[in-house]
Amino acid sequence: MRFLIAGYGSIGRRHLNNLLALGEKDVLLYRTHQSTLAVDEIKNIPVETSMEAALAHKPNALIVANPTALHLDVAIPAAEAGCSILMEKPISHQMDGIDCLEQALKSGGGRFVTGFQFRFNPGLRQIENWLKEKKIGTVVSAHVCWGEYLPGWHPWEDYRKSYTSRADLGGGVVNTLSHPLDYLRWLLGYVDTISASTSNIGLQLEVEDTADIELRFLSGVLANVHLDYLQRPGEHTLKIVGSEGTILWDNATTTAKLYRASTGNWEEVSPPPGFERNAMFLDEMRHFISVAKKETEPLCTLEDGITALRMAQAVYKSAQDGCLVKFTR
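*Asks:* Please give an account of the pattern of salt bridges that cites residues and values.
*Replies:* Where charged atoms from two side chains of opposite charge approach closely, those side chains can pair. Under the counting rule described, the total for this entry stands at 14 salt bridges. As a salt-bridge pair, Arg119 and Asp304 come within 3.6 Å of each other at their nearest N and O atoms. Here Arg119, found in the loop between β6 (112-115) and α5 (122-132), pairs with Asp304, found in helix α9 (residues 302-321); they are 185 residues apart in sequence, far enough to count as distant. For the pair Arg119 and Asp304, a shared accessibility class is recorded, and that class is buried. Its salt-bridge partner being Asp168, residue Arg166 comes within 2.7 Å of it at the nearest N-O pair. Classification of Arg166 as partly exposed rests on a relative accessible area of 29%. In the salt-bridge network here, residues are joined through shared partners; they are Arg119, Asp182, Arg185 and Asp304.

*Asks:* Got a sec to walk through the sheet that holds strand β4 (residues 61-64)? Specific residues and values, please.
*Replies:* Strands sit in the order β3-β2-β1-β4-β5-β6 across an open sheet of 6 strands; the sheet is parallel. Where the open sheet ends on each side, the last strands, each with one partner, are β3 (47-48) and β6. Pairing analysis gives 2 bridges linking strand β2 (residues 27-30) to β3, with the strands arranged parallel. Counterpart to Leu29 in the pairing with β3 is Val47. The strands that helix α8 (residues 278-292) touches are β1 (3-6), β4, β5 (84-88) and β6; relative to β5, the one it contacts most, it runs at about 155°.

*Asks:* Tell me about a negative patch on the surface, and please be specific about residues and values.
*Replies:* A cluster of like negative charges, contributed by Asp96, Asp99, Glu102 and Glu303, occupies part of the molecular surface. Inspection of the secondary structure puts Glu303 in helix α9.

*Asks:* Run through helix α1 (residues 10-21), naming residues and quoting values.
*Replies:* Taking 1.5 Å per residue, 12 residues should reach 16 Å; α1 reaches 17 Å between its end C-alpha atoms and fits that length. Among the residues of α1, those classed as buried are Gly12, His15, Leu16, Asn18 and Leu19. Down the axis of α1, the sector holding all buried residues measures 165°, keeping them to one side. Contacts made by the buried residues of α1 are with β1, β2, β4, β5 and α8. Where α1 terminates, the next one or two residues include Gly23, which has phi positive at roughly 90°.

*Asks:* Got a sec to walk through the sheet that holds strand β13 (residues 255-260)? Specific residues and values, please.
*Replies:* Note on sheets: strands pair through backbone hydrogen bonds, and any given pair is parallel or antiparallel. Taken together, 9 strands build an open sheet; the order of strands is β14-β13-β12-β11-β7-β10-β9-β8-β15 and the sheet is mixed. Both outer strands of the open sheet, β14 (265-269) and β15 (325-326), are each paired with one neighbouring strand and no more. Direction of pairing for strand β8 (residues 191-199) relative to strand β9 (residues 210-217): antiparallel, over a ladder of 8 bridges. Counted as the bridge partner of Ala196 is Ile213 from β9. Packing of α9 onto the sheet brings it into contact with β8, β9 and β15, and relative to β8 it is tilted by some 55°.

So, how was this worked out
- Residues numbered from 1 in each chain as written.
- Predicted model: local features only at pLDDT ≥ 70, side-chain atom pairs only at ≥ 80, totals over all residues.
- Heavy atoms only, no water.
- Salt bridge = Lys/Arg side-chain N within 4 Å of Asp/Glu carboxyl O.
- Helix = DSSP H or I, 4+ residues; strand = E, 2+ residues; numbered from the N terminus.
- Buried < 20%, exposed > 50% of the residue type's maximum accessible area, 1.4 Å probe, protein only.
- Pairing = 2+ DSSP bridges.
- Contact = heavy atoms within 4.5 Å.
- Axes fitted to C-alpha atoms, helices over the stretch in contact; angles between N-to-C directions.
- Patch = residues over 30% accessible without salt bridge, like charges linked within 9 Å, V, L, I, M, F, W, Y side chains within 5 Å.
- Areas by Shrake-Rupley, 256 points an atom, 1.4 Å probe, with all protein chains shown as cover.
- Lys, Arg positive; Asp, Glu negative; His and termini not counted.
- Charge placed at Lys NZ, Arg CZ, Asp CG, Glu CD.
- Expected span 1.5 Å × (residues − 1).
- Arc of directions from axis to C-beta.

Structure follows, in structure tokens:
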């Protein structure tokens with residue numbers, strides 16, 4: 001297979017290194033030279049500066065790793081050319097153009113994976129199993145807290161110029177840290193209503209740096225999600241409360257814990273020995289290669305990506321209008 005990576009920021013570099021680690025040698029880059037990363041690592045990688053020139057190499061697969069607002073600009077022509085696509089989340093910053101992407105995939109025949117890498121987190125997968133087995137009875141509520149200090153993410157660049165901080169590139173904490181919108185729906189089912197508040201007083205950015213989101217699921221489960229660009233030390237945790245117990249997950253350790261009221265004891269499941277963060281991305285890439293070869297079905301589909309985007313859009317609408325948003329499938 002020939003892989004085209006669009007964008008050589010932090011995530012583009014990760015995907016490149018993971019492809020090489022998995023033995024894939026036929027890789028080229030499409031980049032506009034806006035990245036602040038050093039280029040020594042890619043001196044032997046073919047680089048094109050236009051999508052037309054990049055697609056002339058006839059890649060089989062595209063990895064979309066450029067800023068959110070530019071995703072569709074590269075994905076649609078690649079899909080029309082028959083590429084399978086792994087697209088970083090969120091798939092866009094707005095719904096405009098999504099129908100064109102769907103049509104391009106249909107006409108081109110490629111397949112699509114949305115890059116929510118937490119679908120490959122062993123702790124969350126363990127929680128999925130516990131919930132299917134009803135280990136905590138009826139799920140009643142969930143709480144996610146995810147905060148990280150944005151200025152410390154990429155010390156080599158000015159965070160205020162990063163796509164995470166710019167409205168024109170689809171930044172803001174809701175889009176950038178949208179993983180909980182996906183994994184809560186994956187674990188708990190479809191959402192019925194969304195309400196939210198956002199703020200930018202912490203870092204004084206043009207986009208929100210803090211968000212508090214309330215979700216009501218069709219099942220009646222209530223969930224709240226706190227996101228911010230500010231917390232030091234960082235935190236990313238999940239709690240799920242049921243009628244017969246509680247589940248806890250901490251991203252820092254990837255440990256999942258189960259408390260059963262019937263026994264009064266905690267059960268703890270740790271990740272595999274040697275697990276570290278990049279393992280999720282490696283598993284995601286292995287999965288994408290298998291999907292592109294039509295050996296398996298996507299675990300996180302384009303429809304999943306669209307649903308997460310619509311949820312993020314509902315968050316923004318609720319925060320702007322001060323209203324409860326009815327979320328329909």
